[in-house]
Amino acid sequence: MRVRIILALAALPLFAYGQESGHKDTVVEMNEVVVRGMLSDQTRQIKDFYVANKAATTEDILARMPEVTMVRRGSYGSEPLLRTYNSGQVSVLIDGMRIHGACTDKMDPATVYVEPQNLKGINIQTSGAAQVGSNVGGTVDLRLREPVCGCERPVSGALSSGYQSAAGYFYESGQLSFSKERWAIRTNATYRKAGDYRAGGGAVVANSRYEKMNAGLSAIYKLNESWNMKADFLYDDGYFIGYPALPMDVGYAAARIASLSVMKWKPESRWERMQYKVYGNTVYHLMDDTHRPNVAMHMDMPGRSTTVGTFGEAALRLGARRHLMLRGDVSATDLYASMTMYQPGQPDMYMLTWPDNRTIQSGIAATYTVRPDTQSSVVITTRIDQFTSLLTTQDARDQLTVLQEHPETSVNRLLKNLSVAYSRDLSGRVRAVATAAYAERMPTQSELYGFYLFNAFDNYDYIGRTDLKTENAYKGDMSLSYSTSDVLVSLAAFASRVNNYIMGLYEPTWGTMTIGALGVKRYANMGYGNMAGAEAAFVWKAPRGTQVVSTFRYNYGADDKRTPLPLINPFRNISSVRKKTGRWTTQLDAEMALRQDRVNVAAREVKTPDFFKANVRVAYATMYRLTAFTIEGGCENIFDAAYREHTDWGRVYRPGRNIYVQVNCSF
Amino acid sequence: MKNFNKITKTLTFALLATSIFGCKKSDNNVTTNPDPTIGYVKIASGYADGAATKVDVYAKDSAFTGYNKLYIALTDSVTNKYVENAEISLMPDMNMTTMSHSAPFENPASSQAQNMLFPCSATFIMSSMGGTWSLGVSVKNLANSKSGKAMLSLKVKDPAAARMFSFVSPLDSAKYFVGLVPGEKTIVGANDLELVVYRKVSMMSYPADSSLTISFEPTMPSMGHGSPNNVNPVHTANGHYKGKVNYTMTGTWKLAFVLSKGATVVDSTHYIDFTF
Ligand SMILES: [Cu+2]
Ligand SMILES: [Cu+2]
């Protein structure tokens, strides 16, 4: 077989020129700063807002962002979605690298592999066309922190230790950096262990405990004035991770992620920024039902994903008012998952749930930015992707003869994306941005090849098909922001139509495989889905060391028969007031969501009541010689509210009153 | 060590991923085996006296109640070479002290051996527990035109799970035998489902029957599920009915059959368990 490959360089627009060209809406810009840690006062407030406490996980941080929806199945491993888009429509990348989970039940989103300690920034792209990979819903890119050369102190580090009461949770983390003139190394490790947590109201949620270990090593070497070479390695092991909303837990999960990059940064030159990266990662996942009572039949469900890839990015100055960003990428992902069921006295029952398959992707993207005058700018973004998916083993092809005549035929798609953004300063303080986009995506491996994948959300077995039409979206965005040195107000609204919307369609004549499943659904193109929503943020730097941050979001989704789409969050607000007095910082948080009555009955979705939750946090910071100490403490969910968010699976309540303490020192 | 393994795997995969762009994997065909009986077991052996020929009967497995695919090897007892041109006819016989009966069979379709062997079949309708089986093999060696008959004794066992069943049709009161023709290899996926149907006319005559309509449903009793997209077997030739059975996983499957003649269901009580 021959696969046509398109190779070139393309662009990553959310990078260097974001603020300059002003083509992004403010909310995205805020997010980008969140963890990129840019040191302006205002952005630091927002960072503190998202990183509510030092023990927060990357998914805790994401959960506070207005455009992010977390699909929660357990205390850990929640899946990040953007706006109204589902998981097949959103790409999650680590430092531009593709990584595919090894779990057929989506227990292992890529966000679990990057600890906040190791996070330089989170780039969230919601409007316009995706640059780093074709998708209709947007991209979450977790940028890894880099070691810094030429630091004043050659050796520096930090230690943190914490405890939380609701889950008897321990958190330990350490970080150590070496910095020389031409090279630097950064290492970090985090260990988290939580017991079954106590939900609001007092009930203990069985199988919600987890234990995991994460470590990272990063080294940078200065090749010359403008070129650096960097190597990154991430190690993540989960020993037991409970999923109370699912019939199984993670028995063991492991990820190894490695990359080597060369990067150029030379301001004012024609090729201002360049990066070339080679990477590989592998994820192993083993589900476990031995801790569950009354299991009709025990089963092993291992899965593995392996991805290798490479990409190049370059930012070009074409003149004072024109920029071009290019990106080209190629990757290949191998995926496999199986299930073996054990019944005493019976032979083992074995099947592939993701028949061994390989997806080869190659894409090019370009973003052209032009500023016709000092007030406005236009950003045009294009991306083309060539995808091929095929089954790689005879066993896999054999098994899919159950569903199709020619499982040896590969699935090939050419995906096209285009967006145009126009931004204009209406006055010195008000900026408006409008974006229109067309985007396409590849079906997921589950949508193509899934074989009786049990979905605990609606209790159906899901089956894939390779003749799905390409899902595409027409998207429109508007945003308005007002900023002064003390106040930032931003509003963003979006609407989109997703055609050939892929969903499971009930097949009444097909029998289930999973014991207790209600039926079989097969992925199908469902006409279209309409989506809309809005986000708002308000940041105020009040006098006397007080800061106020508040974010709002509202999402709406319906299919072509006006039936609500599943997993659409209702109106939500998170607000925070923080006051700094000397060495003390005090913060009050309020989180609330309205009830969600718009549910998808076919997906057996249930209505979710409203909730209100309040947190209080106190921190004390001091220095002893060259060591900085922070002691943090607080109480989350003060009123012990028994609540769940609409996108939480299995009607499992979230943790109740949680008292935490945390000691950090850095030297 | 485990990690090292993973790394090598990753590297190999990287190489594979690059190689897939350019090259096509060549199929290496199986070369002809010098000994044609490798992979078979000898289930009976004897001499066809008048034909000066040694008769060896091979099968994939020892003989069992049900449809047995047999492979007859003829050896010239003088030259010790395989005889590749011969007319062969079978006559299975079971001696049960008070009476004897035959069984359904299929003679080799051609007088020309395929890779030294003559494929044929016998459907043993009971095990050796009830009497003594022998297989009569009449041979006419076409090379020297000599004829003779061998009477070979053999043991027939009941398999762990039945591979055939019989029923009496309410329409004609005749007894029908339905056997499962074993496939080459069973996969998780779509498999050929081949059945053979014989009607008992007398103790010695069991002609192939093409008059039935067969439907079936595979289920996995230990889990209580079935499989989609199965194809009911339809008659092709010589009492053989071919369809498709889909196994969605390994393990024990139960194939429940409904046999009809015209609009009348003649049997719906039988099933065959299949484990792989
Ligand atoms: Cu899993
Ligand atoms: Cu089964």
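Just so it is clear, the model here is predicted, and its values are computed rather than measured.

(A) Quick peek at the overall build of chain A. Check the secondary structure of chain A and you find six helices and 32 strands. What you see for chain A is a C-alpha radius of gyration of 24 Å, in line with the 26 Å of a compact globule of 667 residues. Dimensions of chain A, computed from C-alpha atoms along their principal axes, come out at roughly 70 × 55 × 50 Å. When burial is assessed residue by residue, chain A has 61% of its 667 residues classed as buried. Sequence separation of 24 or more characterises 68% of the internal contacts of chain A that already satisfy a separation of 6 or more. Carbon and sulfur atoms provide 59% of the accessible area of chain A, an area that totals close to 25,100 Å². Within chain A, one finds 76 positive and 65 negative side-chain charges whose respective centroids are separated by 6 Å.

(B) Layout of the overall build of chain B. Along chain B, the regular secondary structure elements total one helix and 19 strands. Burial statistics for chain B: of 276 residues in total, 46% are counted as buried. When contacts within chain B are restricted to residue pairs at least 6 apart in sequence, those whose partners lie at least 24 apart make up 57%. When the accessible surface of chain B is summed, it comes to about 13,800 Å², and 54% of that surface belongs to carbon and sulfur atoms.

(C) Representation of the coordination of the copper ion (ligand 1). Residue and element names in this part refer to chain A. Each protein donor to the copper ion (ligand 1) is listed here as Cys103 (SG), Met107 (SD), His285 (NE2) and Met287 (SD); together their distances run 2.1 to 2.5 Å. In the primary structure, the donors to the copper ion (ligand 1) are separated according to the pattern C-x3-M-x177-H-x1-M. Residue Met107 is found in the loop between strand 4 (97-98) and strand 5 (119-125), and its partner Met287 is found in strand 13 (residues 271-288); the two are separated by 180 residues along the sequence. Both residues of the pair, Met107 and Met287, belong to the buried class.

(D) Spatial organisation of the coordination of the copper ion (ligand 2). Residue and element names in this part refer to chain B. Donor atoms from the polypeptide that coordinate the copper ion (ligand 2) comprise Met220 (SD), Met223 (SD), His225 (NE2) and Met249 (SD), at 2.1 to 2.3 Å from the metal. In this structure, the copper ion (ligand 2) is surrounded by four donor atoms whose angles at the metal cover 94 to 128°, and the resulting shape is tetrahedral. Donor residues binding the copper ion (ligand 2) come from one chain and are separated in sequence as M-x2-M-x1-H-x23-M. Here Met249 lies in the loop between strand 16 (240-247) and strand 17 (252-261) and Met223 lies in the loop between strand 13 (213-220) and strand 14 (225-226), a separation of 26 residues in the sequence. Both residues of the pair, Met223 and Met249, belong to the buried class.

(E) A look at the environment of B:Asp35. Residues and elements named next belong to chain B. Position of Asp35 relative to the elements: it lies in the loop between helix 1 (2-22) and strand 1 (41-48). For the pair Asp35 and Asn115, spaced 80 residues apart in sequence, the C-alpha separation works out to 9.3 Å. Within the structure, Asp35 has its side chain in polar contact with the side chain of Thr37 (distance 2.9 Å).

(F) Molecular detail of the confidence of the model for chain B. Residues and elements named next belong to chain B. Scored by pLDDT, chain B comes out at a mean of 87, with 88% of its residues at no less than 70. Note that pLDDT drops below 50 for residues 1-5; the model gives that stretch one contact with residues more than four away or on any other chain. This model gives residues 11-31 a pLDDT under 50, and the stretch forms 21 contacts once residues within four places in sequence are excluded. Per the prediction output, this complex has pTM 0.86; the corresponding ipTM is 0.84.

(G) Fine view of the side chain of A:Thr381. Positionally, A:Thr381 belongs in strand 17 (residues 376-391). Once you skip the residues sitting within four places of it in the chain, A:Thr381 turns out to touch A:Ala129, A:Gln131, A:Ala366, A:Thr367, A:Asn417, A:Leu418 and A:Ser419.

(H) Looking closely at the domain arrangement of chain B. Residue and element names in this part refer to chain B. Split into domains, chain B comes out as domain 1 (41-154) and domain 2 (164-275). Between the C-alpha centres of domain 1 and domain 2 the distance comes to 26 Å. In this complex, domain 1 contributes 16 residues to the contact, which on the side of domain 2 involves twelve residues. Together domain 1 and domain 2 conceal approximately 1,200 Å² of surface at their shared face, both sides included; 72% is due to carbon and sulfur atoms. Counting the surface domain 1 buries against domain 2, the share from its top three residues, Tyr67, Pro104 and Ile125, is 41%. Remark: the boundary between domain 1 and domain 2 carries zero salt bridges. Run the count over domain 1 and domain 2 and you get three residue pairs in polar contact (both at pLDDT 80 or more). Mapped by element, the contributors of at least two residues to the side of domain 1 that touches domain 2 are strand 3 (66-76), strand 5 (100-101), strand 6 (105-106) and strand 7 (117-124).

(I) Looking closely at the pairing of strand 18 (residues 264-267) of chain B. All names here are of chain B. In terms of strand pairing, strand 17 meets strand 18 through three bridges, oriented antiparallel. When the sheet's bridge partners are listed, Lys261 is paired in strand 18 with Thr264. Counted along the chain from strand 17 to the antiparallel partner strand 18, the turn is two residues long, and its residue Gly262 has a positive phi close to 60°.

(J) Region of the structure containing the sheet that holds strand 4 (residues 86-95) of chain B. All names here are of chain B. One open sheet holds the four strands; their spatial order is 5-4-8-9, and the pairing between them is antiparallel. One side of each edge strand has no neighbouring strand; the edge strands of this open sheet are strand 5 and strand 9 (146-154). Pairing geometry for strand 8 (residues 132-141) and strand 9, over nine bridges, is antiparallel. Bridge pairing in strand 9 links Asn141 to Lys146.

(K) Geometry of the pairing of strand 28 (residues 572-581) of chain A. All names here are of chain A. Pairing between strand 27 (residues 546-559) and strand 28: eight bridges, direction antiparallel. Considered in strand 28, the bridge of Thr546 is made with Lys579. Two strands pair when backbone bridges link them, and strand 28 and strand 29 (residues 584-593) are joined in this way by ten bridges, in the antiparallel orientation. Across the sheet, Ser576 pairs through a bridge with Asp589, a residue of strand 29. The hairpin formed by strand 28 and strand 29 contains two residues between the paired strands, and Gly582 there has a positive phi angle of roughly 60°.

What counts, and at which threshold
- Residues numbered from 1 in each chain as written.
- Chains lettered and ligands numbered in written order.
- Predicted model: local features only at pLDDT ≥ 70, side-chain atom pairs only at ≥ 80, totals over all residues.
- Heavy atoms only, no water.
- Helix = DSSP H or I, 4+ residues; strand = E, 2+ residues; numbered from the N terminus.
- Rg over C-alpha atoms; globule rule 2.2 N^0.38 Å.
- Buried < 20%, exposed > 50% of the residue type's maximum accessible area, 1.4 Å probe, protein only.
- Contact = heavy atoms within 4.5 Å.
- Areas by Shrake-Rupley, 256 points an atom, 1.4 Å probe, with all protein chains shown as cover.
- Lys, Arg positive; Asp, Glu negative; His and termini not counted.
- Charge placed at Lys NZ, Arg CZ, Asp CG, Glu CD.
- Donors = N, O, S within 2.8 Å, 3.2 Å for Na, K, Ca; no water.
- Tetrahedral: all angles 85-135°; square planar, octahedral: opposite > 155°, others 65-115°.
- Polar contact = N/O pair within 3.5 Å; in protein donor to acceptor, adjacent residues only side chain to side chain.
- pLDDT = per-residue confidence, 0-100.
- Domains from an automatic or database assignment.
- Buried area = accessible area lost by both parts, 1.4 Å probe.
- Salt bridge = Lys/Arg side-chain N within 4 Å of Asp/Glu carboxyl O.
- Pairing = 2+ DSSP bridges.

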